[in-house]
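Topology and contacts: notes
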Amino acid sequence: MQNGTSLRSGDMNDPKSGITAAEVMLQLDRIVHNQQFERADRSKAILSFVVAEMLAGRSDRIKAYTIATLVLNRDADFDPQVNPIVRMEAGQLRRRLDRYYATDGAEDDLVIAVPKGGYVPSFSRRKLKSNDVPNGKMTPSGQPGVPALWRRIGARLFPDGSTRLAGIGILAAVPAAVVAMLMINGPARTAETWSSDIPRILVVPFLSTDRTAEADIAAGLHEEIKHYLLRYDMVQLAADTQAGNSVQPGSYLVLSGTVRSSEGRTRVAIRLANPVTDTLAWSDAIEHQEVGEPVFDIQHMLAAQVAAAAAAPYGGVSQVTFSPELPAQLGNGVYTCRFFTFKYRLTTSLQALRQARDCLERNRMEEPDRSEILALSSLVFLDAVKLFPGATDEEKAAALMAARDAARKAVDLAPRSPTALQALAAVDLFEGRLDEAAALLRFGLSLTPEDPELLASLGLVLGASGDWSQTAALTETAVTRTVLPPGWYKLVSAASDYARRNYESALRNAERADMRDSPLAKYFMVAALTNLNRQDEAQHLAEQIASGERSFGGDAAARDLKSFGFPASLASAVGDRISKLIGQRDVSALAPDRKAEQPRFTQSD
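Everything in this summary refers to the structure shown in the same document. These numbers come from a predicted model, not from an experiment.

Among the nonpolar cores identified, the biggest contains 170 residues, and Leu47, Phe524 and Phe566 are the most heavily contacted of them. Among the elements that take part in this core, helix α10 (residues 295-311) stands out by supplying 10 residues, more than any other. Contacts of phenylalanine 524, omitting those with residues within four sequence positions, involve Leu491, Ala494, Ala495, Tyr498, Ala510, Leu561, Phe566, Leu570 and Val574.

With respect to the helices and strands, leucine 376 occurs in helix α14 (residues 371-386). Expressed as a C-alpha distance, the spacing of leucine 376 and threonine 341, which sit 35 residues apart in the sequence, is 7.0 Å. Not counting residues within four places of it along the chain, the set of residues in contact with leucine 376 comprises Val334, Cys337, Arg338, Thr341, Phe342, Leu360 and Thr419.

Our next topic: the packing of helix α12 (residues 334-347) against α14. Contact geometry of α12 with α14 gives a least axis separation of 10 Å together with a crossing angle of 25°. By the angle between their directions, the pair α12 and α14 is classed as roughly parallel. Note on packing geometry: the crossing formed by α12 with α14 is left-handed. Contact with α12, carried on its side by Val334, Cys337, Arg338, Thr341, Phe342, Tyr344 and Arg345, involves Glu372, Ile373, Leu376, Leu379, Val380 and Asp383 of α14 and no other residues of that element. Residue composition of the contact of α12 with α14, grouped by class: eight nonpolar, one polar and four charged.

Looking now at the pairing of strand β2 (residues 110-113). Every second residue of β2 is oriented toward a common face, with Leu110 and Ile112 on one face and Val111 and Ala113 on the other, all of them buried. Here β2 runs beside strand β3 (residues 122-125); their pairing, made up of four bridges, is antiparallel. What sits directly across from valine 111, in β3, is serine 124.

To continue, consider the state of the cysteines. Disulfide: a covalent bond connecting the sulfur atoms of a pair of cysteines. Taken as a whole, this structure holds one disulfide when the rule is applied. Disulfide pairing places cysteine 337 opposite cysteine 359 at an S-S distance of 2.0 Å. Its S-S torsion of about -85° marks the bond between cysteine 337 and cysteine 359 as left-handed, since a negative value means left-handed. Of the two residues, cysteine 337 sits in helix α12 while cysteine 359 sits in helix α13 (residues 350-366), which places them 22 residues apart along the sequence. On the accessibility criterion, cysteine 337 (0% relative accessible area) is buried.

This part covers the side chain of asparagine 34. With respect to the element layout, asparagine 34 can be found in the loop between α1 (21-32) and α2 (41-55). You can call asparagine 34 buried: its relative accessible area is 14%. At a separation of 2.9 Å, a polar atom in the side chain of asparagine 34 contacts the main-chain amide nitrogen of glutamine 36. Excluding residues that lie within four positions of it along the chain, asparagine 34 makes contacts with Tyr100 and Asp104.

Moving on, we get to α2. For an α-helix, 3.6 residues make a turn, and residues three or four places apart therefore share a direction. Helix length check: α2, at 15 residues, gives a terminal C-alpha distance of 21 Å against a target of 21 Å (1.5 Å per residue), a fit within 8%. Taken together, the buried positions of α2 are Ser43, Ile46, Leu47, Phe49, Val50, Val51, Ala52, Glu53, Met54 and Leu55.

Cut-offs applied
- Residues numbered from 1 in each chain as written.
- Predicted model: local features only at pLDDT ≥ 70, side-chain atom pairs only at ≥ 80, totals over all residues.
- Heavy atoms only, no water.
- Core = buried A, V, L, I, M, F, W, Y, C linked by side-chain atoms within 4.5 Å.
- Buried < 20%, exposed > 50% of the residue type's maximum accessible area, 1.4 Å probe, protein only.
- Helix = DSSP H or I, 4+ residues; strand = E, 2+ residues; numbered from the N terminus.
- Contact = heavy atoms within 4.5 Å.
- Axes fitted to C-alpha atoms, helices over the stretch in contact; angles between N-to-C directions.
- Parallel < 35°, antiparallel > 145°, perpendicular 65-115°, else oblique.
- Left-handed = near helix turned anticlockwise from the far one by under 90°.
- Nonpolar A, V, L, I, M, F, W, Y, C, P; charged D, E, K, R; others polar.
- Pairing = 2+ DSSP bridges.
- Disulfide = S-S within 2.5 Å.
- Polar contact = N/O pair within 3.5 Å; in protein donor to acceptor, adjacent residues only side chain to side chain.
- Expected span 1.5 Å × (residues − 1).

In short, the description is geometric, and any link to function would need to be established separately.
Encoded structure:
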């Protein structure tokens, strides 16, 4: 069909193909959001399904029967020899793809096709650009002194004197360990090895009253929930009924629920129970306003929300499994690393960031080809300079390179991992590739529709492109999906309010953004107060910030907010307000002993 490399099932890791899973996902997003597929829900659903199945290595499942039952909602007794619906829809899909590549997609490098005679997609490249890098791996691009830069940023951010890895912190260790780790395709670890420290969930059938509508929704709902739970990184499903301690490897939690309906609303009460102690460990409720929707559609929506409430970051499983202290029961496995990573993202705590760094250092040496470790490491690399400002441009470049390599490798290894997709999207945002970042996050949300981390991340990306209304809607949804939302969710909400000149709301959200060791939310507080003509309060807060930070001023605020991912126009507007407040006064002089101090990681911490 096209000149160039063709990629079929089983070839995703073939370096000769030059096509990565991340590229395929971006191209898929570009296609399904094109006008040629407007109101073509079935074509979009079929294309998304067959591509996702192939990327997951399940091309053998891409058959007429599975498409009919899993995508087109046909009954289990569907017979493709009698009912031609799949062949007809596949023909429509092929025609839409042909029109797309003949018009809006005429310049696209990557071609997704569904060849006649089957439903397994093929991927081919029309032309290779001279600067393309196979497998999505980025080379240093001739940047001089990268190892030295990594050592500098590591020494500044992690000068703890640790003996691990020759006393070098996580960023400084990149040249000696991480780069080698990223380039090695060692033998794959078994699922048993990888999952030994991950909580398991046993999903049991949901109950309902005798009402027909409720019974129809409850019937099979637990199977739909399993379907969505399997898409999350850090939970696995238990297939047995042998009870065990819910915090010990090899045991599980029991997820159950009840369905009730009244006045056009359906309410699903969900709970996690410890089968050993026979105690209720966590509960929540999901509601849906019905408007004559098919039962299958209601089940899909409810199942996605239940799975997110239980398995997404800050969800029920993490609340049950972890106490505020280090969970010694789970040792130092990847699940513990994930706990510390999302703990510092929840509180913006430098101490938690240090704990995540140490945990990831240990685990990445043991499992260098594990997607979760790579993705979490990528987040740590970027967050070290985004959430805790003060890095130089060279240090930011070094952190970015480390984050980029880790995130791309993570997506190559697990193209459907929400954490890997979030990490790569964060890299794209940092580098200004907003469309690519949005495409990755939308793909992630097509897999885990209610994941609050993906919702808030997409909100940040859309805010960077100026769509603040969508930012507000997405971040508000992310906040409602978590009992204790991370401070950076509220930070993005404050930015959205400020950009739309809703300064009262911006102030409230910034005040509620618990960002313990980061000044980012305080910048919006000061700027909002000045816009509300509360100059004395703004001045007092500015002095408080200056007394606890290395420096404070409009230029620093604008630089830090832009580095986090906010557009330059918004960052400059906040910085200008702070500059006008400070005037000629050197507020940083209030803390002369801190003049040269940056957030540091010490051994005593």
